[in-house]
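Each chain is listed here by its residues.
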Amino acid sequence: MKINWLRSRKFWLLVLGGILIVVVGSKLPLQDWFTQIKHQLALLGWWAMPAFTILYLLVTIFCLPNILLILVSGSLFGLFKGIVLASIADTLGAVACFILGRTVLRQRIKKWISKNPSFAQLDQAVGNQGWKILLLTRLSPLVPSNVLNYGFSCTKVNFWQYCFCSWLGMLPIISLYTYLGSFGVRLLNEGLTPGKVALQSVGALLAIGAGVYTTRIAKKALTPKCPSEDN
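This structure is a prediction, so every number in the text was calculated from the model and none was measured. (Residues numbered from 1 in each chain as written. Predicted model: local features only at pLDDT ≥ 70, side-chain atom pairs only at ≥ 80, totals over all residues. Heavy atoms only, no water.)

## Some words on the overall build of the chain
Moving on, step 1. The helix and strand inventory of the chain stands at 11 helices and zero strands.
Moving on, step 2. Helices (α) and strands (β) of the chain occur, in sequence order from the N terminus, as α-α-α-α-α-α-α-α-α-α-α.
Moving on, step 3. By the burial criterion, 34% of the 231 residues in the chain qualify as buried.
Moving on, step 4. Relative to all contacts within the chain whose residues are 6 or more apart in sequence, the contacts with residues 24 or more apart total 79%. (Helix = DSSP H or I, 4+ residues; strand = E, 2+ residues; numbered from the N terminus. Buried < 20%, exposed > 50% of the residue type's maximum accessible area, 1.4 Å probe, protein only. Contact = heavy atoms within 4.5 Å.)

Right, dumping it as structure tokens:
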């Protein structure tokens, strides 16, 4: 059965949500925040990496957006080091949320999840499909990663599978935003010649295209996993 996206309520809700994010984001001093975070970390010298990791960990635990930090990672530490550092910090954050969700925050998380029927389906899917569902939900933006960090703590998922799939599933988006962060710095440092701009732009477009393609595959694979939508 094909879905008519123009008549889909979820589609228009996503569109509206995207517009609201753009509008709200345009009113926030994101560039100033980016500059300040990068500047303060740069002043720490060698301690910038552990400080970045701790800051990323706190942002993840409190379910705050982490994209700005990933961009800072690419801009400050470079592409390779930025990917490695952001990936480690993101995985540590996911593990911290998982442990908190299974210990001190368990009752509160369970109460919150009980109000979201989709998580009951997710728990059932994890029980049936295991790591495949975990990996696919990480690859897909259907649910924010910060929400999944706590949500999975109340499912049947195995801890080590959770750690590995969380790392692997978030690696593409971390690589994308780290690349975009290092991309801007590289343009400024090397000069804005037409050839370099074109080359770097092609690289950015390929990275974005790979992220979009991966997301489409994840969504397509996840759709059959929700039998209630077919009724």
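## Section: helix α4 (residues 67-77)
Moving on, step 1. Every buried residue of α4 is listed here: Leu69, Ile70, Val72, Ser73, Gly74, Ser75 and Phe77.
Moving on, step 2. In the stretch just after α4, Gly78 is the one whose phi turns positive, near 90°.

## Thoughts on the UniProt feature "transmembrane region" (unreviewed entry) in the chain
Moving on, step 1. Following the UniProt record, one finds the feature "transmembrane region" (unreviewed entry) at residues 12-30, 42-71, 83-105, 159-177 and 197-215.
Moving on, step 2. The straight-line gap between the two end C-alpha atoms of residues 42-71 is 14 Å; of that span, 67% is helix and 0% is strand.
Moving on, step 3. The span residues 83-105 is 87% helical and 0% strand by assignment, and the distance between its end C-alpha atoms comes to 30 Å. (UniProt positions renumbered as here; feature names shortened; annotations may be inferred.)

## Re the confidence of the model for the chain
Parts of the model with low pLDDT should not have their predicted coordinates read in detail.
Moving on, step 1. Taken as a whole, the chain shows an average pLDDT of 75; of its residues, 58% reach a score of 70 or greater.
Moving on, step 2. Taken together, the stretch residues 224-231 has pLDDT below 50 and engages in five contacts with residues farther than four places along the chain or on a different chain. (pLDDT = per-residue confidence, 0-100.)

## A few points about unusual backbone geometry
Moving on, step 1. Positioned with a positive phi, Cys63 is a non-glycine residue whose angle comes to about 55°.
Moving on, step 2. Summarising the element assignment, Cys63 is placed in the loop between α3 (48-61) and α4.
Moving on, step 3. Residue Cys63 is classed as partly exposed on the basis of its relative accessible area, which comes to 38%.

## Here's the deal with the side chain of Thr53
Moving on, step 1. Inspection of the secondary structure assignment puts Thr53 in helix α3.
Moving on, step 2. The buried category is assigned to Thr53, whose relative accessible area is 17%.

## A few points about α3
Moving on, step 1. Between its terminal C-alpha atoms α3 stretches 20 Å, which fits the 20 Å expected from 14 residues at 1.5 Å a residue.
Moving on, step 2. Taken together, the buried positions of α3 are Ala48, Phe52, Thr53, Tyr56, Val59 and Thr60. On an axial view of α3, the arc spanned by its buried residues comes to 135°, and they lie on one face.
Moving on, step 3. Of the residues one or two after α3, Cys63 is the one with positive phi, at around 55°. (Expected span 1.5 Å × (residues − 1). Arc of directions from axis to C-beta.)

## Brief notes about the packing of α3 against helix α5 (residues 79-102)
Moving on, step 1. Contact pair α3 / α5: the axes reach a minimum separation of 8 Å and the direction vectors enclose 40°. The angle between α3 and α5 falls in the class oblique. Like other packed secondary-structure pairs, α3 and α5 cross with a definite hand, here right-handed. Where α3 approaches α5, its residues Met49, Phe52, Thr53, Tyr56, Leu57, Thr60 and Ile61 are matched on the opposing element by Lys81, Leu85, Ala86, Ala89, Asp90, Leu92, Gly93, Ala94, Ala96, Cys97 and Leu100.
Moving on, step 2. For the contact of α3 with α5, the per-class residue count stands at 13 nonpolar, three polar and two charged. (Axes fitted to C-alpha atoms, helices over the stretch in contact; angles between N-to-C directions. Parallel < 35°, antiparallel > 145°, perpendicular 65-115°, else oblique. Left-handed = near helix turned anticlockwise from the far one by under 90°. Nonpolar A, V, L, I, M, F, W, Y, C, P; charged D, E, K, R; others polar.)

## A few points about a nonpolar patch on the surface
Moving on, step 1. Together, Ile54, Leu58, Phe62 and Leu64 give the surface a local cluster of nonpolar side chains, amounting to about 420 Å² of exposed area.
Moving on, step 2. Within the element layout of this structure, Phe62 appears in the loop between α3 and α4. (Patch = residues over 30% accessible without salt bridge, like charges linked within 9 Å, V, L, I, M, F, W, Y side chains within 5 Å. Areas by Shrake-Rupley, 256 points an atom, 1.4 Å probe, with all protein chains shown as cover. Salt bridge = Lys/Arg side-chain N within 4 Å of Asp/Glu carboxyl O.)

## Thoughts on the packing of aromatic side chains
Moving on, step 1. The final tally for this structure, using the stated rule, is eight aromatic pairs.
Moving on, step 2. Look at Phe52 and Tyr56: their rings are 5.8 Å apart centre to centre, the planes differ by 50°, and that puts the pair in the tilted class. Here Tyr56 and Phe52 lie together in helix α3, a separation of four residues that amounts to about one turn.
Moving on, step 3. The exposure class of Tyr56 is buried, given its relative accessible area of 0%. (Phe/Tyr/Trp six-rings, centres within 6.5 Å; stacked < 30°, edge-to-face > 60°.)

## With respect to the nonpolar core
Moving on, step 1. Counting residues in each nonpolar core, the largest one holds 14 residues, and the members touching the most others are Leu41, Phe52, Tyr56, Leu69, Phe77 and Ile174.
Moving on, step 2. Looking at this core, the elements that each hand over two or more residues are α3, α4, α5 and α10 (159-190).
Moving on, step 3. Residues in contact with Phe52, not counting those within four places in the same chain, are Leu41, Leu69, Ser73, Phe77, Leu85, Ala86 and Ala89.
Moving on, step 4. Counting 11 residues, the second-largest nonpolar core is a separate cluster that includes Leu148, Phe152, Tyr162 and Cys163. (Core = buried A, V, L, I, M, F, W, Y, C linked by side-chain atoms within 4.5 Å.)

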